[in-house]
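So you can see what is in the structure, the chains are spelled out below.
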2 protein chains.
Amino acid sequence: MEIGLRREVLGANAAVAAQIRAGLQQSGAFCINLISSPGAGKTTLLERTCELLKDRVKIRVIEGDISTELDAERVRRHGIPACQVNTLGGCHLDAPMIRLALEQLGPVGAPLGTEPAASPPGTEPGPELLIIENVGNLVCPADFDLGEDAKVVVLSIPEGDDKPLKYPAAFRRAGVVLLNKMDLLPFSRYDLPKVREDLAKLNPGAAVFEVSAFTGEGLDNWTQWLMDQVMKKWDASRSERTPGRSPGR
Amino acid sequence: MEIGLRREVLGANAAVAAQIRAGLQQSGAFCINLISSPGAGKTTLLERTCELLKDRVKIRVIEGDISTELDAERVRRHGIPACQVNTLGGCHLDAPMIRLALEQLGPVGAPLGTEPAASPPGTEPGPELLIIENVGNLVCPADFDLGEDAKVVVLSIPEGDDKPLKYPAAFRRAGVVLLNKMDLLPFSRYDLPKVREDLAKLNPGAAVFEVSAFTGEGLDNWTQWLMDQVMKKWDASRSERTPGRSPGR
């Protein structure tokens, strides 16, 4: 009975996520879903990432929190459009929440089916990055597809080196793992090779970056990876729109 | 519909929690429910607390995790009986899981309705501390009563000073808040007075202790508080059992 209901909830979520994914596919916007425990540094990483990339690509942000508008305000201070979703006690974002947020943010990427010439001024399609910051929770968000291209799981050094094994679902589904707060490594008992080994066993395909949002260490590798994905998706969507044109690279 | 179902789930949980609470009331065992994000230091705090108190009071532990038996093994190394509950993906412990764990651990405190003379050797009733370590999650565990006397919420410095406002439910229901990893305060941007102020607004009745499970700082105040509660509950239960006797203090 309980399992039946869970399947139904996840099935309804998956249907909406598929619609979101199809829309993002057509517009060519690349979307990541940031997942971590509270306080692993998602918002600070997001701010640093926006600062480093905002002159190279259009960015929009959806902020998920149980309560408060604090995080969206932090993002808007960087000149980035951000929509705050408050789950009012809910422990994760789901696809219907993202659909509503996208309606508020306005069309992402190119309006569906339009070409540059047909777009109103200021809405010319171009590469775009949509960042969703999930509720701080390493468990429940892993189950809910939001239509993203990649789940990015942030794990901070002070959380300890046993976390991949203890919370395997999020790490198994990650496209990227960001090991954050590397600046605190010297003050921690932390077996970094063991964490890398555990991650490789759980998810050999995930990219792993060692970073510190505080000092900036390692952010160049992470943002380079991100820009590569953004441009790959944009090029692919452009060649799909104009079938006569060869892919951009 | 969804709200109706949630009410039903919580109602069923509350009924079992009430049974557990009644059993603990009768046996005189004091029970805490440790709640925090993954990696805030619950298990290390639990180990240090056991080391400091195990010669003064009988302790038993229920370890909640999504997977692995790692934490129960850590506790058993200190000579403390521990039962591991794996939720197999579930994001919180519920009261039926605790009832099952208590069956495995054996009767807690004095067997119900018995007096010292009637107890088999080695099971003489006495003050007892039952520690439940919840799944690492600052959101969902706050909703589920496990029959405990107090929820103890652990918040570590590296998680950031905005967490009480962003995850208010856990802090509102806490009997105690442990601010852990105080040794990392010098390396963090952290507004400790603001956190204390936010906590006082959310929950003026909660006891707040600044501790470091790593260095041992502040653990004396925390364990003294805990022992006071253990002895108060034991004395009250003893005076209930023998109505002719006046309370122990």
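Structure shown above.
Residues numbered from 1 in each chain as written. Chains lettered and ligands numbered in written order. Predicted model: local features only at pLDDT ≥ 70, side-chain atom pairs only at ≥ 80, totals over all residues. Heavy atoms only, no water.

Colleague: Would you take a moment to explain the overall build of chain A for this structure?
Modeller: From N to C terminus, chain A includes eight helices and seven strands. Here chain A holds 249 residues, and 56% of them are scored as buried. Partitioning the contacts of chain A with sequence separation of at least 6, the portion at a separation of at least 24 is 72%. Total accessible area on chain A stands at roughly 10500 Å², and carbon and sulfur atoms take up 56% of it. (Helix = DSSP H or I, 4+ residues; strand = E, 2+ residues; numbered from the N terminus. Buried < 20%, exposed > 50% of the residue type's maximum accessible area, 1.4 Å probe, protein only. Contact = heavy atoms within 4.5 Å. Areas by Shrake-Rupley, 256 points an atom, 1.4 Å probe, with all protein chains shown as cover.)

Colleague: So what exactly am I meant to see when it comes to the side chain of lysine 42 of chain A here?
Modeller: All names here are of chain A. Its location among the elements puts lysine 42 in helix H2 (residues 42-53). There is no salt bridge for the buried lysine 42, and the closest opposite charge comes from glutamate 133, which lies 4.2 Å off by N-O distance. In this structure the side chain of lysine 42 is engaged in a polar contact, spanning 3.5 Å, whose partner is the backbone oxygen of serine 37. Leaving out residues up to four positions away in the same chain, lysine 42 has contacts with Leu34, Ile35, Ser36, Ser37, Glu133, Asn134, Gly136 and Val154. (Lys, Arg positive; Asp, Glu negative; His and termini not counted. Salt bridge = Lys/Arg side-chain N within 4 Å of Asp/Glu carboxyl O. Polar contact = N/O pair within 3.5 Å; in protein donor to acceptor, adjacent residues only side chain to side chain.)

Colleague: Looking at this model, I keep getting lost on the sheet that holds strand E7 (residues 207-210) of chain A. Mind explaining?
Modeller: Strand pairing within a sheet occurs via backbone hydrogen bonds; the two strands may be parallel or antiparallel. Residue and element names in this part refer to chain A. The strand order E3-E2-E4-E1-E5-E6-E7 describes an open sheet built from seven strands, whose pairing is parallel. Each having just a single partner strand, strand E3 (82-86) and E7 make up the two edges of the open sheet. Mean inter-strand twist for the sheet, computed between neighbouring axes without regard to direction, equals 20°. Of the pairings in the sheet, the one linking strand E6 (residues 176-180) to E7 comprises four bridges and is parallel in character. Residue pairing across strands places valine 177 opposite valine 208, the latter belonging to E7. Helix-sheet contacts for helix H8 (residues 219-241) involve strand E1 (29-35), strand E4 (128-133), strand E5 (150-156), E6 and E7, and the interaxial angle to E1 is about 140°. (Pairing = 2+ DSSP bridges. Axes fitted to C-alpha atoms, helices over the stretch in contact; angles between N-to-C directions.)

Colleague: I tried to follow the interface of chain B and chain A on my own but got confused; where do I start?
Modeller: Contact with chain B, which involves 33 residues of that partner, is made by 33 residues of chain A. Both faces considered, chain B and chain A share a buried interface measuring about 2700 Å² in area, 63% of it formed by carbon and sulfur atoms. If you sort the residues of chain B by the area they bury against chain A, Pro38, Lys166 and Phe187 of chain B come out on top, with a joint share of 22%. The tally of links between chain B and chain A comes to four salt bridges. The residue lysine 166 of chain B makes a salt bridge to aspartate 71 of chain A at a minimum N-O spacing of 2.6 Å. Seen at the junction of chain B and chain A, the total is eight residue pairs in polar contact (both at pLDDT 80 or more). (Buried area = accessible area lost by both parts, 1.4 Å probe.)

Colleague: Honestly, the environment of leucine 130 of chain B in this entry has me stumped. Any pointers?
Modeller: Residues and elements named next belong to chain B. The residue leucine 130 is located in strand E4 (residues 128-133) in this model. In this structure the C-alpha to C-alpha distance between leucine 130 and glutamine 19, which are 111 residues apart in sequence, comes to 16 Å. Setting aside its immediate chain neighbours within four residues, leucine 130 contacts Leu24, Phe30, Cys31, Ile32, Arg60, Ile62, Leu102 and Leu105.

Colleague: Would you mind showing me how to read the relation of the copies chain B and chain A here?
Modeller: To go from the first copy of the chain to the second, apply a rotation about an axis and then a shift along the same axis. Under the fitted operation, chain B is carried onto chain A by 0.0 Å of movement along the axis and a turn of 180°, and the coordinates agree to an RMSD of 0.0 Å. The transformation relating the two chain copies, once decomposed into turn and shift, fits a two-fold axis. Mapped onto chain A, 100% of the interface residues of chain B are again interface residues, and the two copies thus contact each other with one and the same surface. (Least-squares fit on C-alpha atoms with pLDDT ≥ 70 in both.)

Colleague: Sorry, what's going on with the packing of helix H2 (residues 42-53) of chain B against helix H8 (residues 219-241) of chain B here?
Modeller: A packed helix pair is summarised by two numbers, namely the angle formed by the two axes and the spacing between the axes. Residue and element names in this part refer to chain B. Look at H2 against H8: their axes get within 11 Å of each other, and the N-to-C directions meet at 70°. Considered as vectors, H2 and H8 are oriented roughly perpendicular to each other. Classified by chirality, the crossing of H8 by H2 is right-handed. When H2 is examined against H8, the residues Leu45, Arg48, Thr49, Leu52 and Leu53 are found in contact with a partner set consisting of Leu219, Trp222, Thr223, Leu226 and Met227. (Parallel < 35°, antiparallel > 145°, perpendicular 65-115°, else oblique. Left-handed = near helix turned anticlockwise from the far one by under 90°.)

Colleague: Could you clarify how one ought to interpret the nonpolar core in this entry?
Modeller: Side chains of nonpolar character tend, in soluble globular proteins, to be buried together. Counting residues in hydrophobic clusters, the biggest one holds 47 residues, and the most contacted among them are Phe171 and Leu179 of chain A together with Phe171 and Leu179 of chain B. Secondary-structure elements contributing two or more residues to this core are E5, helix H6 (168-172), E6 and helix H7 (192-202) of chain A together with strand E5 (150-156), helix H6 (168-172), strand E6 (176-180) and helix H7 (192-202) of chain B. Core analysis: the second largest hydrophobic core is formed by 32 residues, Leu45, Leu53, Leu219 and Trp225 of chain B among them. (Core = buried A, V, L, I, M, F, W, Y, C linked by side-chain atoms within 4.5 Å.)

Colleague: Sorry, what's going on with the pattern of salt bridges here?
Modeller: Pairs may arise between side chains of opposite charge once their charged atoms sit close together. All names here are of chain B. Tallied over the entire structure, the rule returns 36 salt bridges over all chains. The closest approach of N and O atoms between lysine 151 and glutamate 148, which form a salt bridge, is 2.6 Å. For the pair formed by lysine 151 and glutamate 148, the shared burial category is buried. The salt bridge involving aspartate 235 is made with arginine 238; its shortest N-O contact spans 3.2 Å. Highlighted residues: aspartate 235 and arginine 238, both in helix H8, separated by three residues, approximately one helical turn.

Colleague: How should I be thinking about unusual backbone geometry in this particular structure?
Modeller: A negative phi angle characterises most non-glycine residues, just as the trans form characterises most peptide bonds. Of note in the backbone geometry, threonine 68 of chain A takes a positive phi value of approximately 80° without being a glycine. You can see threonine 68 of chain A is positioned in the loop between strand E2 (58-65) and helix H3 (70-76).

Colleague: Would you explain the packing of aromatic side chains in this entry?
Modeller: For any two aromatic rings, the description comes down to two numbers: the centre-to-centre distance and the angle of the planes. This model, assessed by the stated rule, comprises nine aromatic pairs over all chains. Both rings, one in phenylalanine 30 of chain B and one in tryptophan 225 of chain B, keep their centres 6.5 Å apart while their planes meet at 70°; by these two values the pair is edge-to-face. On the criterion of sequence distance, the pair formed by phenylalanine 30 of chain B in strand E1 (residues 29-35) and tryptophan 225 of chain B in helix H8 is long-range, its members being 195 residues apart. The burial state of phenylalanine 30 of chain B is the same as that of tryptophan 225 of chain B; both residues are buried. Aromatic ring contacts, followed pair by pair, group Phe30, Phe209, Trp222 and Trp225 of chain A into a single cluster. (Phe/Tyr/Trp six-rings, centres within 6.5 Å; stacked < 30°, edge-to-face > 60°.)

Colleague: Honestly, the pairing of E3 of chain A in this entry has me stumped. Any pointers?
Modeller: Two faces, one strand: in a regular strand the side chains alternate between the faces of the sheet. In terms of residue burial, E3 of chain A counts as a mostly covered element, since four of its five residues are buried. Crossover E2 of chain A to E3 of chain A through H3 of chain A is right-handed. (Right-handed = clockwise from strand over helix to strand, strands pointing away.)

Colleague: What is the right way to read the environment of proline 204 of chain A from this model?
Modeller: Residues and elements named next belong to chain A. Turning to its location among the elements, proline 204 is positioned in the loop between H7 and E7. Under the relative-accessibility criterion, proline 204 is labelled exposed at 70%. Residues proline 204 and glycine 175, spaced 29 residues apart in sequence, show a C-alpha to C-alpha distance of 10.0 Å.

Colleague: Looking at this structure, how should I read the sheet that holds E4 of chain B?
Modeller: All names here are of chain B. One open sheet accounts for seven strands, arranged E3-E2-E4-E1-E5-E6-E7; its pairing is parallel. The outermost strands of the open sheet, each flanked by one partner alone, are strand E3 (82-86) and strand E7 (207-210). Each adjacent strand pair in this sheet contributes to an overall mean axis angle of 20°, direction not counted. Direction of pairing for strand E2 (residues 58-65) relative to E4: parallel, over a ladder of six bridges. Residue pairing for E4: valine 61 is matched across the bridge by isoleucine 131. Relative to E1, H8 is tilted by about 140°, and along the sheet it contacts E1, E4, E5, E6 and E7.

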